[in-house]
Amino acid sequence: MAEIQSFTMNFGPQHPAAHGVLRLVLEMDGEVILHADPHVGLLHRGTEKLAESKPFNQSIGYMDRLDYVSMMCNEHGYVLAIEKLLGIEVPLRAQYIRVMFDEITRLLNHLLWLGAHGLDIGAMTMFIYCFREREDLMDCYEAVSGTRMHATYYRPGGVYRDLPDTMPQHKPNQWRSDKEIARLNRQRTGSLLDFIEDFTDRFPVRVDEYETLLTDNRIWKQRTVNVGVVSPERAMQLGFSGPMLRGSGIEWDVRKKQPYEVYGDMAFDIPVGVNGDCYDRYLVRIEEMRQSNRIIRQCVDWLRKHPGPVMSDNRKVAPPSRVDMKEDMESLIHHFKLFTEGYSVPAGEAYAAVEHPKGEFGIYLVSDGANKPYRVKIRAPGFAHISAMNEMVVGHMLADVVAVIGTQDIVFGEIDR
Amino acid sequence: MKPRYEALAQRISARFGDSLSPVESICGELTYELDKQDLPGVARALRNEDDFGFEMLMDACGVDYLAYGQSEWQTEEATSSGFSRASIPKNIVPDADEKFDGRRFAVVYHLLSVSRNYRLRLRVFTGPDNPPIVPSVIEIWNAANWYEREVFDMFGILFEGHPDLRRILTDYGFIGHPFRKDFPLIGNVEVRYDLERGRVAYQPVSIEPRTLVPRVIRDDNRYSGQLKDEQ
């Protein structure tokens, strides 16, 4: 009987550690990976084609659904590209709000990453801890946009509305005691900014908690140190960005190097890894959470002192207020035109990149002067990362595949688009 | 355009001369068009030479210019005659055509220089060949692997020298290239579960294509730079 040299194994598409619908065809020699072939596209919805068939503003909601754990950052890339082509100015207050929510989104994303990555390689507690903090941040989303995830909050010209003066409160119910409800509502008595400020006071302590659980943990280090090592040269060759690139020791952050909005005025540092393994990328993301916390705090302080408009007053792009519409014919016409036909964007092309929690999220927009984009290309960071899956796992054990999927921070909404 | 980018543009025109032709940009981005046979040489020089240092290929994507500048709703005479109904069937050019318009398909590359902090865009038209084909840059930037597979899947553009040009995002056994402008938004087939045969079956789409908001191109002073200046 012929001896079996290697065998092929299907990992996914329905596997909890595959972070969605990843079908990974693994060529194995015992426990060792010889070749990995990721099959993606099981979540392909044709977002780019759909965007071509709709007025510009109607696609903002699709952007939320790309990387569905960092919703507002996706919107940000899209509205930046439109603003670039239109050449419109965004009010300063809106820029600060966008920066603040970008960083809140970064925390949301990194918390989910940390929880899921921990769960994948044996640290169950992390998942519960991280979701506790995510809940507070989701409440910020809800307070400002009315939804916990798919916010559609950023608009070309600013943000949909100003920050609310009150936070929604928990109501008495049969599942929680009055004492518990009072505890939950304690931070929610003031405005949204009070709530966020209180969060930024609490959060660094929580990050310390995570670190005491993981950073020096023997099992954690055994599972991550020297797993999935990527050299700086290879990281650039493979088109890595964000924490994947910084983990390999390259100091590149779009927020610092090509600042957009008010990132140029913010004080924060870029953490950089040394060895380019899963453990370094873990350290980079943990430090990014602390830096995001710093940025949020700076935004809160600024926003408290500087009230003002949060939407451009260019009526060809931004809708007029309801009050104006009741009295002013011109406003009524603007409103009608904006909500039936939309606005036309000058012919041309633009590429707008933002530092998304996962890496560089870019929107390449081609307009032919119509009220719909001619072509939208979404440059998803995860797409480049997962294309390097084979290179990162070859020679590792099967269990390390899970660690590499975790460290790449894969979300299929953005990879498959 | 920022002065740094003007300096880069000068270096590029000094190094490559006529093989790269600059494209006017309304938002200060540097774009060049080049012939497809020049692509590998230019790409290698942009990556390796110290003056440029574009180590990273951030994105490569296809564009189909078939319907560029066509609107679904003519507004010129609307004041006197009133608006027509919006949905006007487009002239569809089937894939079986022997030759394409030479400027129909393009592949657009977005380059990034981490060391020198520059971005650059290159555009290559595929020419009249059917199927369209351009040289692969996978040897120069390994990241091109999946980007080129995606362009092939979505637009049917072939990449000469790509070792593994398979479909990537569409279903196994998919027919057609969905991001071409002559591919309908609703697709050609739909899937359902066939009770009798006990498996998933494909059939032609049963829904009607429709336009909710027609595509309109406005040439007024809000959008045209020339008219804006006259104001």
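Predicted model, so just to flag it, every value in this text is computed and none were measured.

Novice: Any chance you could explain a negative patch on the surface here in plain terms?
Specialist: All names here are of chain A. Together, Asp324, Glu327, Asp328 and Glu330 make up a region of like negative charge exposed at the surface. With respect to the helices, strands and loops of the structure, glutamate 327 is situated in helix α13 (residues 322-327). Residue glutamate 327 is classed as exposed on the basis of its relative accessible area, which comes to 70%.

Novice: When you look at the packing of aromatic side chains in this model, what are you seeing that I'm missing?
Specialist: Each aromatic ring pair is described using two quantities: the centre-to-centre distance and the angle formed by the ring planes. Enumeration according to the criterion identifies 22 aromatic pairs over all chains in this entry. Taken together, a centroid distance of 4.7 Å and an interplanar angle of 40° make the contact between phenylalanine 127 of chain A and phenylalanine 131 of chain A tilted. Taken together, the residues phenylalanine 127 of chain A and phenylalanine 131 of chain A, both in helix α5 (residues 124-145) and 4 residues apart, mark about one turn of the helix. Here the aromatic rings of tyrosine 374 of chain A and tyrosine 68 of chain B are separated by 5.1 Å at their centres, their planes lie at 80°, and the arrangement is edge-to-face. Taken together, the positions of tyrosine 374 of chain A in the loop between β7 (359-367) and β8 (375-379) and tyrosine 68 of chain B in the loop between β3 (56-64) and α3 (78-81) put the pair across two chains. Among the aromatic side chains, those forming a connected cluster through ring pairs are Phe101, Tyr141, Tyr153 and Tyr154 of chain A. Residue placement shows arginine 417 of chain A over the ring face of phenylalanine 383 of chain A; its charged tip is 5.0 Å from the ring centre.

Novice: What should I look at first to understand the nonpolar core in this one?
Specialist: Soluble globular proteins: nonpolar side chains tend toward being buried together. Formed by 182 residues in total, the largest nonpolar core has its most connected members in Met100, Phe101, Leu114, Tyr153 and Leu163 of chain A together with Tyr109 of chain B. The dominant element in this core, judged by the number of residues it contributes, is helix α4 (residues 92-120) of chain A, at 12 residues. Those residues in contact with leucine 114 of chain A that sit more than four places away from it in its chain are Met126, Cys130, Tyr210, Leu214, Tyr282, Ile286 and Met289 of chain A.

Novice: Just to check I follow, could you spell out unusual backbone geometry for this structure?
Specialist: Glycine aside, residues mostly have negative phi, and peptide bonds are mostly found in the trans state. Cis geometry is adopted by the peptide bond preceding proline 131 of chain B, which originates at asparagine 130 of chain B and carries an omega value of 0°. Along the chain, proline 131 of chain B turns up in the loop between β5 (118-125) and β6 (133-135). Located in the positive-phi region is asparagine 226 of chain A, a residue other than glycine, with phi close to 65°. Within the fold, asparagine 226 of chain A resides in the loop between α8 (218-224) and α9 (232-237). Even without being glycine, asparagine 117 of chain B reaches a positive phi, approximately 60°. Relative to the elements of secondary structure, asparagine 117 of chain B occurs in the loop between β4 (105-113) and β5. Its relative accessible area of 17% is what places asparagine 117 of chain B among the buried residues.

Thresholds, definitions, all that
- Residues numbered from 1 in each chain as written.
- Chains lettered and ligands numbered in written order.
- Predicted model: local features only at pLDDT ≥ 70, side-chain atom pairs only at ≥ 80, totals over all residues.
- Heavy atoms only, no water.
- Patch = residues over 30% accessible without salt bridge, like charges linked within 9 Å, V, L, I, M, F, W, Y side chains within 5 Å.
- Areas by Shrake-Rupley, 256 points an atom, 1.4 Å probe, with all protein chains shown as cover.
- Salt bridge = Lys/Arg side-chain N within 4 Å of Asp/Glu carboxyl O.
- Lys, Arg positive; Asp, Glu negative; His and termini not counted.
- Charge placed at Lys NZ, Arg CZ, Asp CG, Glu CD.
- Helix = DSSP H or I, 4+ residues; strand = E, 2+ residues; numbered from the N terminus.
- Buried < 20%, exposed > 50% of the residue type's maximum accessible area, 1.4 Å probe, protein only.
- Phe/Tyr/Trp six-rings, centres within 6.5 Å; stacked < 30°, edge-to-face > 60°.
- Lys NZ or Arg CZ within 6 Å of the ring centre and 35° of its normal.
- Core = buried A, V, L, I, M, F, W, Y, C linked by side-chain atoms within 4.5 Å.
- Contact = heavy atoms within 4.5 Å.

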